[in-house]
Amino acid sequence: MEFSGVKRRKPWLIGDQRKASYPHSLQFYLQPPSENISLIEFENLAIDRLKLLKSVENLGVSYVKGTELYQSKLEAEIRRLKFSYRESLEDEYEPRRKDHISHFILRLAYCQSEDLRRWFIQQEMDLLRFRFSILPKDKIQSFLQDSHLHFEAISEEEKNLREQEIIASSTSLGGPKLELEYVYKIPFADALDLFRGRKVYLENGFAYVPLKDIVAIILNEFRAKLSKALALTARSLPAVQSDERLQPLLNHLSHSYIGQDYSIQGNAGKISLDQIDSLSTKSFPPCMRQLHKALRENHHLRHGGRMQYGLFLKGIGLTLEQALQFWKQEFIKGKMDPDKFDKGYSYNIRHSFGKEGKRTDYTPFSCLKIILTNPPSQGDYHGCPFRHSDPELLKQKLQSYKITPGGISQILDLVKGTHYQVACQKYFEMTHNACDQTHFNEVLKLNRFTESICSSTVIIPYGCFGNTGCLVICCHCKTS
Amino acid sequence: MEPFDPAELPELLKLYYRRLFPYAQYYRWLNYGGVVKNYFQHREFSFTLKDDIYIRYQSFNNQSDLEKEMQKMNPYKIDIGAVYSHRPNQHNTVKLGAFQAQEKELVFDIDMTDYDDVRRCCSSADICSKCWTLMTMAIRIIDRALKEDFGFKHRLWVYSGRRGVHCWVCDESVRKLSSAVRSGIVEYLSLVKGGQDVKKKVHLSENVHPFVRKSISIIKKYFEGYALVGQDILENKESWDKILALVPETMHNDLQQNFQKHHSSLQRWEYLKKAASQCPSNIKNEKCGPWLEWEIMLQYCFPRLDINVSKGINHLLKSPFSVHPKTGRISVPIDLQKVDQFDPFAVPTISSICHELDAIFTSEAEKEENQAESDIKHRTRVVGPSSCGMWDAASASPDEQCHVHAQDLNWQNPG
C-alpha cells in the first residue's frame, strides 16, 4: 500500500470489476490491499474500524452473543459506521473496500504486543461470526470456495446414507430432519475441536459436519491465520514505523483504546476518604464492594485482595497519600503496629503507584484478568463474585443488596451460562435504575476524546467493560 | 518351553542379535521405501544396556550399521523414537533449538495394570488367560475405529512382552500429525474417566455417538464369556456391591434382594438389565434404560489408553522384536485376523528359540543348520496357532515382501 500526501486518485472501476474485487460482504482478509490512499483517509478508516471493534467488544459484554438483541444492535452499529455486513444489498463496493483496508491498517497498530493481538483477534472473530451468521445459506458454499477453504457440502444421497449416524453424533442438530441442513465433509484433522469430544460423525478419515458446527471450524481457521499474519506484520513493523507520518497515528491507535484509557490523572484527587464507605454500597462493582466490606470487618486483606482493591482505589482517584492513610488507618484498627505497616505494606502501596522499583504505574485489573487468573481460596475476598462465589451464596448476597427476585434470577441464569460480565452489567442496571440504555452506551464510550458529563462527576473505572469503560456517576442521576 | 533365566540374557541376546533378529525386514519398514532422504538416518533409537544403562539419541546410517551396533552393544531393550531434523547421534553439534522431532508413527500403549479396578483374577504385572480377553476387546475396538472412523490403513499391533499390547500406525499422513491432533484422537477413543477416587467412570449422554454404539456391539460379543463367566463379576456380595456402586441408589434394595435369589452372574445380570429398563425415567440426573447397562459394560471392558504415550511426537516406545528383560518374551506382531486365538503364553521367549537353535547346531550339519535357522525365524513369525502379520508365513526367502500388516503393503510405492 502506498501512502501519499497528495490527493488520492480514486480508483475508478467499471461496475463488474468493482463487484469482482469484493464478491462477498465478509472476508478472511487473505490479501492485503494495493491502492494509493491519502493520509486522511488512512486515519479515518482506522478510527472508524476502531470504533466498530470497540462496539463489538462492548456489545459482547452487555448482551449474550448470538441473541436477537445483540445481533440487531451490532448490525445497527455496522451500518452506522458504513461497513459491509449483508450480501443482498446493492452497491456494496465502498463499504467492503472500507472493511478491507481498515482491517489491514489496524493490523499495523495491533500486532505489537501479545495483549493487543489478543484483543484485536477476539473482536475480529466476533465480527466475523456475526457476519457469517447472517450470510444466506446458499451463498455459503461460494464464500467458502472463494476463501480457499476446502469444505464441500455433500449430496443428498450421501447425506441419506449416513443420516442416522450424523444425527446421533451432532448435538447441534435440532430434530431428526436432516434434509434441511447442509452437511460438509472435511478431513478429520481440520475438525479437531469437534472430533476430540465426539461431537461429529467420522468416517474413513472425514468428519461430516453440519452447518452449525462449521462456524466453529471456520473461526478457528481464521484465528490461526490472523495470529500468524500478525506475527509476520510485527516483524516488518519497524520499516513502517520509521515513516514519520504514520508513527504517531499508529501509536495513538494502539494506546487510546486499550488499557490505560480512563484518565487516571484526570481522576486523581476527586475522592475523599470519607466518601468511600457510601460509594462502596452505591457505586462500586460487587467485587470491590465485598473487598471493602471485608477490609472494614477484618481490618486486613490478603495480598490478592490488596492488589485488586488497591489498584481499583487508585483508578477511581485516590492519591498515594490518601491510599497510604486509608490502608494504615484500617490495618492499625486490627492491632497492627504502625511501624510494621510502614515496613511491610507501605512499600507495596508506593510500588503500585509507580513510585518504587521499576516505577510502572499499574492500572486496575480488567474483568477478564479478575475472572480468569488467581482464583480466591479460603480467607480470600478477591476475585469476581459472579465467577467465584457459590451460586447459593451469590443469591444471598444479591438479596442482601436488595436486588429484585426477578433481577436475581436473571443474574443467576447469566452466571450459569458463564456470562459473568453480562451478569455484572445486569447488577449495575438493577442498582442504577435511572439510567436508560442509550445513556449507558454513551457512558461506555468515555475516553480521552470525550468530555465528562458534568463537572462534578467522578469517573469510576468499572472493570466490567474491559479496561476502557467507565462508570460515570452523574450528578443528575438520582442514584449517585 | 525352555524356562527363562534373566541371568542368561547377555549370552542369549548375543545369539539373538547375531542370528535371529529380522534386520532386513525391520530396516525395510523404518526406511519407508527410501523416498524421503535420510528418513532412517534421522530416526532416534534408544538402548537399555546391562545394569540399566540407558542411552538415547542413537541413530544409524543403514541396515548394516544398525546390525553392527546392535551386535556390539547387545541391548537389553530397544526403543524407537521420532524422526528428527538432524541425525540424533549428532544432536549436540546442532544449534540450540534447531534440533526438532518432526515425524513419528502414531502409537498406543494398552497396559493391563490400568484395569486393576475391574479384574478379579490378577493385579499389577500379572496376566492370565481370563483377563487377556480385555486386550482382545481393546484391539478390536481401537483397531475398528482407527480403520473405519479415521481411515488409517497401516496399523501394526504388537504384544508388549508382558502385560499389554502396543499399536503402531504408520500411514504417511499420520506420521506427520501434530501433538494436538494425536491428543484429540486419544480423547475420541476414551470413555473411562477417573482415578481411584471416582466410583463411576463412564457417563453416556442421551445421544449415543456411533463410535460408542459400535464399541458396545463389540463388547457384547465377549461380555457373557469374559465378565459373567470368566470374571464372575456378580458372584457374591463383595463383587456385586461394586456393580451396585455404579447404579442409582433407588435401585439398590431391589437388586440386593433379587441377587440373593439368583444363582449365577448370568442370571443376576439378566435381572439387572430388566430392572434398569423398567425404572421410572423421571429420576433426576440418573438415566435408566439401556444406558445403565452399557455404562457398566463399558466400565468393565472398554479400553484404557495412556494419553502420554500417544500425544508426544518424541515419545520413545519399545520396538517390535525387542525382548522383555523380565519375561524373556519377544515383542511379536499380532495377526488381526486371528486376534481371538492369540495366546501371550505361547509367544516364544528368547531362551526357547535360542535353545532350539543351539540344539539344532549341535546335532546337525552346517547346511541343515541354515535351513533350521530360517525355520526358527519362520517360527518367531508364526507363533503357535496365531501368526504375526509382519511376514508372510508361507515363505522364508530373503526377497519376500515386507508386510507390516496381513494386508499387502508395498513400501516401494508409498501412499
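Residues numbered from 1 in each chain as written. Chains lettered and ligands numbered in written order. Predicted model: local features only at pLDDT ≥ 70, side-chain atom pairs only at ≥ 80, totals over all residues. Heavy atoms only, no water.

Colleague: What is the right way to look at the overall build of chain B in this model?
Modeller: The helix and strand tally for chain B stands at 14 helices and 10 strands. Across the 415 residues of chain B, 55% fall into the buried class. For chain B, the share of sequence-separated contacts (at least 6 apart) that also reach a separation of at least 24 residues comes to 68%. With an accessible surface of roughly 18,400 Å², chain B has 47% of that area assigned to carbon and sulfur atoms. (Helix = DSSP H or I, 4+ residues; strand = E, 2+ residues; numbered from the N terminus. Buried < 20%, exposed > 50% of the residue type's maximum accessible area, 1.4 Å probe, protein only. Contact = heavy atoms within 4.5 Å. Areas by Shrake-Rupley, 256 points an atom, 1.4 Å probe, with all protein chains shown as cover.)

Colleague: Hey, could you run me through the overall build of chain A in this one?
Modeller: The number of helices and strands found in chain A is 24 helices and 8 strands. Burial analysis of chain A (480 residues in total) assigns 50% to the buried set. Entry remark: accessible area of chain A is about 23,700 Å², with carbon and sulfur atoms responsible for 52%.

Colleague: What should I look at first to understand the sheet that holds strand β5 (residues 106–111) of chain B in this one?
Modeller: Note: strands within a sheet are paired through backbone hydrogen bonds, in either parallel or antiparallel orientation. All names here are of chain B. Pairing is antiparallel in the open sheet, where 3 strands are placed in the order β5-β7-β6. Pairing within the sheet leaves two strands with one partner each, and these edge strands are β5 and β6 (155–159). Across the sheet, the axes of successive neighbouring strands diverge by a mean angle of 15°, strand direction being ignored. Bridge count between β6 and strand β7 (residues 164–169): 5 bridges; the pairing is antiparallel. Among the inter-strand pairings, Y159 is bridged to a residue of β7, identified as V165. (Pairing = 2+ DSSP bridges. Axes fitted to C-alpha atoms, helices over the stretch in contact; angles between N-to-C directions.)

Colleague: Please clarify how the UniProt feature "binding site: [4Fe-4S] cluster" (unreviewed entry) in chain A should be interpreted in this entry.
Modeller: Residue and element names in this part refer to chain A. Those places that UniProt annotates as "binding site: [4Fe-4S] cluster" (unreviewed entry) correspond, in this numbering, to C287, C367, C384 and C424. Taken together, the annotated residues stretch across 138 residues yet fold into one region, lying no more than 10.0 Å apart by C-alpha. Inspection of the secondary structure puts C367 in helix α19 (residues 367–372). Here C367 falls in the buried class, since its relative accessible area comes to 12%. (UniProt positions renumbered as here; feature names shortened; annotations may be inferred.)

Colleague: Would you mind showing me how to read the sheet that holds strand β6 (residues 206–210) of chain A here?
Modeller: Residue and element names in this part refer to chain A. Within the open sheet, the 4 strands sit side by side as β3-β4-β6-β5. Their pairing is antiparallel. If you trace the sheet from one side to the other, it starts and ends with β3 (152–153) and β5 (201–203), each paired once. Pairing of strand β4 (residues 183–187) with β6, which is carried by 5 bridges, proceeds in the antiparallel orientation. Bridge assignment links K185 to a residue of β6, and that residue is Y208. Across the sheet, helix α10 (residues 211–241) lies against β4 and β6, angled at about 115° from β6, the strand it touches most.

Colleague: Explain the packing of aromatic side chains to me, please; I cannot follow it from the model alone.
Modeller: In this description, a pair of aromatic rings is defined by centroid distance and the angle of the planes. All names here are of chain A. Counting across every chain of the model gives 50 aromatic pairs over all chains. Ring centres of Y309 and F326 lie 6.3 Å apart, and the angle between their planes is 70°; this geometry places the pair in the edge-to-face category. One end of the pair, Y309, is in helix α15 (residues 303–316); the other, F326, is in helix α16 (residues 320–333), with 17 residues separating them in the sequence. Residue Y309 shares its accessibility class with F326, and that shared class is buried. Ring geometry for Y309 versus W327: centroids 6.0 Å apart, planes at 75°, classification edge-to-face. One end of the pair, Y309, is in helix α15; the other, W327, is in helix α16, and 18 residues separate them in sequence. Judged by its relative accessible area of 0%, Y309 falls in the buried class. A relative accessible area of 4% means that W327 is categorised as buried. What links up through ring pairs into an aromatic cluster is the set F284, Y309, F312, F326, W327, F331, F341 and Y345. (Phe/Tyr/Trp six-rings, centres within 6.5 Å; stacked < 30°, edge-to-face > 60°.)

Colleague: Help me out: how do you make sense of the pattern of salt bridges in this one?
Modeller: If charged atoms from side chains of opposite charge come close, those side chains can pair. Residues and elements named next belong to chain A. The tally for this structure, following the rule as stated, stands at 45 salt bridges over all chains. Between E41 and R97 there is a salt bridge whose closest N-O contact spans 3.2 Å. Remark: R97 occurs in helix α4 (residues 93–110) and E41 occurs in helix α2 (residues 39–62); sequence separation between them is 56 residues. For K65, the salt bridge goes to D126, with nearest N and O atoms at 3.1 Å. With K65 in the loop between α2 and α3 (68–80) and D126 in helix α5 (residues 114–133), this residue pair connects regions lying 61 residues apart in the sequence. Given the relative accessible area of 3%, D126 is considered buried. When salt bridges that share partners are traced, they join E35, E41, E94 and R97 into one network. (Salt bridge = Lys/Arg side-chain N within 4 Å of Asp/Glu carboxyl O.)

Colleague: Would you explain the confidence of the model for chain A in this entry?
Modeller: Detailed reading of the predicted model is not advised wherever pLDDT is low. Residue and element names in this part refer to chain A. When pLDDT is averaged along chain A, the result is 78; 80% of the residues meet or exceed 70. The lowest-confidence element of chain A is strand β8 (residues 471–473), averaging 37 in pLDDT; the highest-confidence one is β5, averaging 96. Low pLDDT, under 50, characterises residues 258–265; the predicted model gives this stretch 23 contacts beyond four residues in sequence or across chains. Within the model, pLDDT remains below 50 along residues 434–480, and this stretch shows 114 contacts once partners closer than five positions in the same chain are excluded. (pLDDT = per-residue confidence, 0-100.)

Colleague: What is the right way to look at the environment of K200 of chain B in this model?
Modeller: All names here are of chain B. Mapped onto the elements, K200 comes out in the loop between α6 (179–188) and α7 (210–230). Note on K200: relative accessible area 18%, which makes it buried. For the pair K200 and E295, spaced 95 residues apart in sequence, the C-alpha to C-alpha distance is 8.7 Å. Among the polar contacts made by the side chain of K200, one reaches the side chain of E295 at a distance of 2.8 Å. (Polar contact = N/O pair within 3.5 Å; in protein donor to acceptor, adjacent residues only side chain to side chain.)

Colleague: I keep staring at the side chain of H209 of chain B and nothing clicks. Help me out?
Modeller: Relative to the helices and strands, H209 of chain B is located in the loop between α6 and α7. Apart from the residues lying within four places of it in its own chain, the contact partners of H209 of chain B are A168, S169, R198, V200 and Y201 of chain A together with Y188 of chain B.

Colleague: What is the right way to look at the pairing of strand β2 (residues 53–58) of chain B in this model?
Modeller: The side chains of a regular strand alternate between both faces of the sheet. Where strand β1 (residues 43–49) of chain B lies against β2 of chain B, 4 bridges are found, and the strand directions are antiparallel. Bridge pairing in β2 of chain B places T48 of chain B opposite Y54 of chain B.

Colleague: Even after reading the chapter, I still don't get the packing of α2 of chain A against α5 of chain A, so can you show me in this structure?
Modeller: How two helices sit against one another is set out by the angle between their axes and by the gap between those axes. Residue and element names in this part refer to chain A. Contact geometry for α2 and α5: axes closest at 9 Å, N-to-C directions at 80°. Taken as axis vectors, α2 and α5 run roughly perpendicular relative to one another. Contacts between α2 and α5 involve R49, L50, L52, L53, K54, V56 and E57 from the former and W119, F120, Q123, E124, D126, L127 and R131 from the latter. Here the residues of the contact of α2 with α5 are counted per class, giving 7 nonpolar, 1 polar and 6 charged. (Parallel < 35°, antiparallel > 145°, perpendicular 65-115°, else oblique. Nonpolar A, V, L, I, M, F, W, Y, C, P; charged D, E, K, R; others polar.)

Colleague: Would you take a moment to explain unusual backbone geometry for this structure?
Modeller: Trans peptide bonds make up most of the peptide bonds, and negative phi angles are found at most residues other than glycine. Look at N204 of chain A: it is not a glycine, yet its phi comes out positive at around 50°. Inspection of the secondary structure assignment puts N204 of chain A in the loop between β5 and β6. Exposure remark for N204 of chain A: the relative accessible area of 45% places this residue in the partly exposed category. Its identity is not glycine, yet Y57 of chain B carries a phi of approximately 55°, on the positive side.

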